[in-house]
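Close look at the chain arrangement
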Amino acid sequence: MGAPVNGRRAAAAVWQEVGERVFRRRYRSFDLNVGAVLGDDEVLLIDTRSWRAEAQELLADLRALTSLPCRQVVNTHAHFDHCFGNVVFRPAAFWGQRRCATNLREHGERQRRNVIGWYPDAAADLAALELVPPDRLVDERATVEVGGRRVELSHLGRGHTDNDLVAIVPDAGVTFAGDLIEEGAPPSFGDAWPLEWPATLERLLDRATAVVVPGHGDVAGRGLIAAQAGEQRAMAALCAQVLAGRQTAEEALRRAPYPAETTRMALERARVTSTPIDSTGPRP
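Residues numbered from 1 in each chain as written. Predicted model: local features only at pLDDT ≥ 70, side-chain atom pairs only at ≥ 80, totals over all residues. Heavy atoms only, no water.

1. With respect to the nonpolar core
- In terms of nonpolar packing, the biggest core is built from 36 residues, with Leu45, Trp51, Phe84 and Phe89 touching the most fellow members.
- Counting only elements with at least two residues in this core, the list comes to strand S2 (22–27), strand S3 (32–38), strand S4 (43–46), helix H1 (52–65), strand S5 (70–74), helix H2 (80–83) and helix H3 (98–118).
- Each residue touching Phe89, except ones within four places of it in the same chain, is listed here: Leu45, Thr48, Ala55, Leu58, Leu59, Cys70, Val73 and Phe94.
- With 26 residues, the next largest nonpolar core counts Leu156, Leu195, Ala229 and Ala270 among its residues. (Core = buried A, V, L, I, M, F, W, Y, C linked by side-chain atoms within 4.5 Å. Buried < 20%, exposed > 50% of the residue type's maximum accessible area, 1.4 Å probe, protein only. Helix = DSSP H or I, 4+ residues; strand = E, 2+ residues; numbered from the N terminus. Contact = heavy atoms within 4.5 Å.)

Following this line, the structure appears as structure tokens:
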């Protein structure tokens, strides 16, 4: 994961009800979306922000929204801006894709060092932070009961990472897509699987509800998933062409749907993560 851009755009940090008793709060820091699903006697939180101070702010904001206890948390993937705040929400149960927990255990310290380098003002906070991996592990699907309502968790394939987890609240028609989808900025390919991301988005499109909350940016609908699936399919095709030697990286940069820096990272990640391909292009 490359250094993210903090505060990508101005955004008012207020709770917005995006479905019946389902809320998102869009923070200026990293333009990050956090979700809250209110049940009869508890609240489920989706993502926990970047370090202790940010997570404590989130906890205070959650208490202003509801007096219900937060007994369950979903981590959409293992990047620091989505899960380094977990410790503040103990003793909640933490749901995540199995490789999310593995990634945090095996690579969390390296990620911590990187983030300290990117954001020295938070260095002391980050240095003292206990990293808490998910302890309720999802392989492909799981259903979480939240005070009389269901939240469906799905790992639909590799995309932004190898551990992306989507949370759908069926009775409210809301999908929390994590960083499989971003609104207002190009996707991040630092830990991505460019040849597989398009198919993952197409599976997401098959399941998504009318309201889609991306990991970053404004609330959207299924149209954003369809548009980004098309862009990702074009990027994957270019990656396949470069890997097969049928065009150069410079040609791909000119034809890509993304800025040059994003495209270079996609090409590099395709090289690192690819399996042998044939003339038909990327494998599904």
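After presenting the structure, the write-up continues.
2. Concerning the pattern of salt bridges
- Under the counting rule described, the total for this entry stands at 16 salt bridges.
- Of the charged contacts in the structure, one is a salt bridge between Glu268 and Arg271, with a shortest N-O distance of 2.6 Å. With Glu268 and Arg271 both in helix H8 (residues 260–273) and three residues apart, the pair spans about one turn of that helix.
- Overall, the relative accessible area of 35% leaves Glu268 in the partly exposed class.
- Salt bridges here are not isolated pairs; linked through shared partners, they connect Arg24, Arg26, Asp31 and Asp218. (Salt bridge = Lys/Arg side-chain N within 4 Å of Asp/Glu carboxyl O.)

3. Here's the deal with the side chain of Gln97
- The residue Gln97 is located in strand S6 (residues 93–97) in this model.
- Assessed through its relative accessible area of 2%, Gln97 is described here as buried.

4. Section: the state of the cysteines
- Applying the stated criterion across every chain yields a total of zero disulfides.
- Counting only cysteine sulfurs, Cys100 is the nearest neighbor of Cys83, a cysteine outside any disulfide, at a range of 5.3 Å.
- Its relative accessible area of 2% is what places Cys83 among the buried residues. (Disulfide = S-S within 2.5 Å.)

5. Quick word on the environment of Ala256
- Within the fold, Ala256 resides in the loop between helix H7 (249–255) and H8.
- Taking the C-alpha atoms as reference, Ala256 lies 8.6 Å from Glu231; in sequence the two are 25 residues apart.
- Non-local contacts of Ala256, meaning those with residues more than four positions away in its chain, are made with Met235, Leu238 and Thr263.

6. Considerations on the pairing of S3
- For S3, a buried count of seven out of seven residues is recorded, marking the element as mostly surrounded by other parts of the structure.
- Side chains Leu32, Val34, Ala36 and Leu38 project from S3 onto one buried face, and the interleaved Asn33, Gly35 and Val37 project onto a second face that is buried too.
- Note: S2 against S3, six bridges, orientation antiparallel. Within S3, the residue paired with Arg24 across the bridge is Gly35.
- The hairpin formed by S2 and S3 contains four residues between the paired strands, and Phe30 there has a positive phi angle of roughly 65°.
- Looking at chain direction, S3 and S4 are connected through four bridges and run antiparallel. What sits directly across from Gly35, in S4, is Ile46.
- With antiparallel pairing between neighbouring strands as the criterion, S3 and S4 make up a hairpin whose turn holds four residues. (Pairing = 2+ DSSP bridges.)

7. Thoughts on the confidence of the model for the chain
- Taken residue by residue, the chain gives an average pLDDT of 93. The fraction at 70 or more is 92%.
- Ignoring residues within four places in sequence, the model shows residues 5–10, a span with pLDDT below 50, making 23 contacts including any to other chains.
- Note that residues 277–284 has pLDDT below 50 and, in this model, 14 contacts with residues that lie over four places away or in other chains. (pLDDT = per-residue confidence, 0-100.)

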